[in-house]
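Geometric and topological summary
The residues making up each chain are set out below.
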Amino acid sequence: MTLQTRGLRKAFGGVVAIDGADVEFQPGRVNALIGPNGSGKTTFFNCVTGMIKPDAGQVTYGGKDLTGRAPHVVARAGVGRTFQLCRVFPRLTAVDNVLAAVRPGGLLHGLRSAHRRDERERALGWLTRLGIEHLADAEARNMSWGQQKLLELAGVLMAEPDTILLDEPAGGVNPALLDRIGTLVRELNAEGRTFVIVEHNMDLVMSISDHIVVFDRGRPIAAGPPAEIRADERVLGAYLGV
Amino acid sequence: MPSASSRYLPLGAGVLLIAAILVFPSLAPNPYVLSSGVIVLNWAVLATSWNFVGGFTGYISLGHGALAGLGGYATGLLITKADLPSFVALVAAALLVAALAVPIGFAALRVRGASFVIVSIALVLILLLVFQSWSSVTGGSRGLVVPRPFPGMLRPEHHRVFFFLYGGLLLLALATWWLLDRSRFGMGLKAIREDEDKAESLGTPTFAYKLTVFVVSAAFTALAGGLYALWFGDLDPVFQFSVLTGSYIVLMALLGGVRNLFGPVLGAIVVGLALEYFKVEFGSTPLHLVTTGLLLGLVVMFMPDGVIPSLAALVQRLRNREQSSIREVTAADLAEQRRREREAANS
Ligand SMILES: Nc1ncnc2c1ncn2[C@@H]1O[C@H](COP(=O)(O)OP(=O)(O)OP(=O)(O)O)[C@@H](O)[C@H]1O
Ligand SMILES: [Mg+2]
């Protein structure tokens, strides 16, 4: 499903963070959203996922209007996200962090054990896939930064979103983990998940994305495949400061 | 997997608690001790009820005393004004307070942290004013006399019956808390406690969760308050709508440990007995206030997890000194990663 914004705008006092952004992210792709510090990428994610309400404009997902809806509504529509400053539940174990993403269907469903075997297996499956299953019973606060980033992603995946927004997945992680994250994104994409990735690491962006949108001062200034973006002079001017 | 000790410990503690409830009345040497037992059980139910909100969601309410007061007055008024049988009135009152908890929660649960604490205090003060000034219905500051449910029953027998009623209510509240604790719903609530926005972003309708558990908490609190009205037979707004009551409840829960099923019960026994002792030794003096404030401060500063968890952590440390820590696992993990990187670089 296509994630689309029309005339999206958000100002904080005098600072215009998003300035009438028309953006479209096609399904099935690894999309990237790049731009200089403070160009509004995180604010864009926050507006799309309902964490903050835009001042104007529209957010639609698969044609469905999600503008200003609560974050859990957006999540249930199939859009998951991670946070720039990685957020996990610090005093829950890793496996509970993942199980917290299970959404009970109704009241009786909600009273069932959170540790039912099938769901625990599924949660452990994601931890295994991300290579942190040996930490399943460790509290998240005792894990390293990189492990917490993987854990956050495991939780998002448990909720089975069709589209996943990642805010700087490579921020502060070591090169080995960086490779692992890149590979993982491509694999998960091959399995049918759409990605929108905000990232400053250009090697990673250029190597994993199909489509890149470039933000400058709260609005897109270019969009296209990596090769095209790399050659675009406006991008070089705005982003690389050349 | 939950370890064997974490699975059987609650069971053992539960059996112990049931046994204690069953034998206490026959061991109590006089009616005064028995009545102290009733008071401590009342605190235990209140603290456990409070823990539905405080323990799961991390919202610290100082207003639960007022919810108990509402339960008490509703029970009393349903008996005196609507002629309902005592225990029908008790249940009806709890349902009424649960219904009232919806708009209260709707207003209060919109704000977090210190703001929520302040809103919960405001609730108490507003209700105190209402019940004091609306004297045609509530009896105002003269108080409300609630007819006894068992007329003609002698004092000691009366205490004994209420001790068991409170015991049953406590077990019901504990069973409900236990059920939620292990449920998906409970996992969502704990996620709210840890990081509300994050929980919301994973698809948890956090407001509906908070409101639901607040209503459950209010219903149990009202049952305790209603039972108190039936037992004590006399309600005074100053005591029913007091921030001090709410503070004692919070102190008990925090002292015993809010993440533990039996924490609030343990806290209620310790603080409840201390309160009774102070009352006998010193009467009701400002010393109460000072001691409560001091204890609350000490617990929050030095044992934010409560007494049970702090002791459990100590036992755990003493028992598995040799067990490797998570940080060591992390270090091993890193070493393995470096080794693989080196290999990759060499090849
Ligand atoms: N909650 C907020 N309150 C006030 N100003 C904000 C807030 N969030 C963002 N801003 C401002 O909005 C602008 C865009 O910020 P945003 O975090 O969206 O940028 P970004 O592209 O994600 O930057 P970075 O690459 O550094 O993460 C900045 O000027 C920032 O200071
Ligand atoms: Mg950002």
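Further up the page is the structure itself.
Here we summarise the structure given alongside this text. (Residues numbered from 1 in each chain as written. Chains lettered and ligands numbered in written order. Predicted model: local features only at pLDDT ≥ 70, side-chain atom pairs only at ≥ 80, totals over all residues. Heavy atoms only, no water.)

When helices and strands are counted, chain A shows 10 helices and 10 strands. Relative to the globule expectation of 18 Å for 242 residues, the C-alpha radius of gyration of chain A, 18 Å, shows essentially globular dimensions. Principal-axis analysis of the C-alpha atoms places the extent of chain A at approximately 55 × 40 × 35 Å. Expressed as a percentage of the 242 residues in chain A, the buried residues total 55%. The long-range fraction of contacts in chain A, counting pairs at least 24 apart against all pairs at least 6 apart in sequence, stands at 66%. (Helix = DSSP H or I, 4+ residues; strand = E, 2+ residues; numbered from the N terminus. Rg over C-alpha atoms; globule rule 2.2 N^0.38 Å. Buried < 20%, exposed > 50% of the residue type's maximum accessible area, 1.4 Å probe, protein only. Contact = heavy atoms within 4.5 Å.)

Residue and element names in this part refer to chain A. Taken together, 14 residues surround ligand 1, and among them N37, K41, T42, T43 and H200 come closest. In this structure, T43 approaches ligand 1 through a side-chain N or O atom, which is 2.5 Å from an oxygen atom. Between ligand 1 and Q84 there is a distance of 2.9 Å, counted from an oxygen atom to a side-chain nitrogen or oxygen. Relative to its unbound accessible surface of 630 Å², ligand 1 loses 61% to contact with the protein. Put simply, the parts of the chain that give the shell around ligand 1 at least two residues each are β2 (15–25) and α1 (41–48). No other element matches α1, which puts 3 residues into the shell around ligand 1. Taken together, the residues that form the shell around ligand 1 break down as 4 nonpolar, 8 polar and 2 charged. (Near = heavy atom within 4 Å. Polar contact = N/O pair within 3.5 Å; in protein donor to acceptor, adjacent residues only side chain to side chain. Areas by Shrake-Rupley, 256 points an atom, 1.4 Å probe, with all protein chains shown as cover. Nonpolar A, V, L, I, M, F, W, Y, C, P; charged D, E, K, R; others polar.)

All names here are of chain B. Locating R319 in the fold gives a position in helix α15 (residues 307–319). A residue is classified by how much of its surface remains accessible, and R319, at 54% relative accessible area, is exposed. Taking C-alpha positions, R319 is 32 Å from G272, a pair spaced 47 residues apart along the chain.

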